[in-house]
Structure formats: structure tokens, C-alpha cells
Amino acid sequence: KFVIDREIAVPAKDGLRVETMAGVRTIVPTMENGRMMSARVAMGIPNLRAADIPVDASVTGDISPVIDLPITAGGRSFEVSCLSVGNPHAVHFPDVDVDEFPLNELGPHIESHALFPNRINFEIVNVLSRTRLKARIFERGAGETLSSGTGTSAVCVASHLHGLIDDTVD
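Keep in mind the model is a prediction, meaning the values are calculated, not measured.

(A) Summary view of unusual backbone geometry. Note that the residue after isoleucine 53, namely proline 54, is joined by a cis bond; omega there is -10°. When you line up the elements, proline 54 lands in the loop between strand 3 (35-41) and helix 2 (57-60). Unlike most non-glycine residues, glutamate 7 shows phi in positive territory, near 55°. For glutamate 7, the location among the structural elements is in the loop between helix 1 (2-5) and strand 1 (16-20). Under the relative-accessibility criterion, glutamate 7 is labelled exposed at 64%. The phi dihedral of aspartate 68 is positive, around 55°, even though this residue is not glycine. Of note, aspartate 68 is situated in strand 4 (residues 66-73).

(B) Up close: the sheet that holds strand 4. Ordered in space as 4-5-6-7-8-9, the six strands form an open sheet in which the pairing is mixed. Both outer strands of the open sheet, strand 4 and strand 9 (143-145), are each paired with one neighbouring strand and no more. On average, each strand axis in the sheet is tilted by 35° relative to the strand beside it, whichever way the strands run. Note: strand 4 against strand 5 (residues 76-84), six bridges, orientation antiparallel.

Each value, and the rule that gives it
Residues numbered from 1 in each chain as written. Predicted model: local features only at pLDDT ≥ 70, side-chain atom pairs only at ≥ 80, totals over all residues. Heavy atoms only, no water. Helix = DSSP H or I, 4+ residues; strand = E, 2+ residues; numbered from the N terminus. Buried < 20%, exposed > 50% of the residue type's maximum accessible area, 1.4 Å probe, protein only. Pairing = 2+ DSSP bridges. Axes fitted to C-alpha atoms, helices over the stretch in contact; angles between N-to-C directions.

This is the structure we're talking about:
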């Protein structure tokens, strides 16, 4: 959005190609009055193999997918589902509203947990319906963030792996 709105980069008809650590992604912006209002990005295929996320194989073996992995962090025990969408993610489905979950307290403990040798992003999600999710994202190295393409993708993939959502969600 920053480079498109300031015309530092001008998207071609088929979008703007951006090189990321996960490979080249094409961003197709939706423009309104010369400003980017939203964008569509093909995030690629999620990696569900423990060793590739990575999650400590001495605990998980070479399981795929890593669903409902028990973890204790910050004095609490719960389960996470792990995957990579170019970077590692652990997703938890709390029994409470995500707004009530102590994300900023537990996020640093999950991010740097011994199970995750490269640290990990941590997302919490409430399934509101088969087409609506509510989530919060704790990004490794940054803390809670209001927006993350990979975090949102991880939330959707984990929800789909659990059979909780349809193919299209908000």
C-alpha cells in the first residue's frame, strides 16, 4: 500500500510482483480514487510438516499436520496447531473471546518456546460461524499487530484443518 499509494511502484495490469523470503508473490490491488483500498495475494501452499515449520522433531516426530500440540507456556497449558506459510505459526482456539485472552502476556512465552527453534508467530481465533472468524495476532519480534497476511492465512488454514470453516471466510 505504501509504495503503490506513493507511486514508488506501479502495478502492472496483472499486479505487482514482490520478492519475499517465501518466494515471489503477486499483489493485485483494488484501487479507489488513486489509492489502494485492498489487495488480493496468493499466499502459496501452507507447509504442514513439523520439521519444515519448524517444530522440535524430538517432541513431534515427523508428524503432518501438527494439530492440537499440547504446550505449556507462561504457567498455562493449552493446544496449538502449527504450520508455515513462509514463516512459522502456532494457532490456538481459546474457550474465551479473543479480546479477553492474555495475548500480550502469553505471546512472548509462545514466541520463544523451546518447541520452536526459529521462534514462532502466535495467533488466537474464535470461530463465529463457518464463514466468519475473529482473531488476534502476536508476531515474532514485533508483538501484537493489527494486520498480518501470513497470520490471517495461518488462522484460516488451522480453522480449515479442524473442519470449522468453509472455503471462503471473513
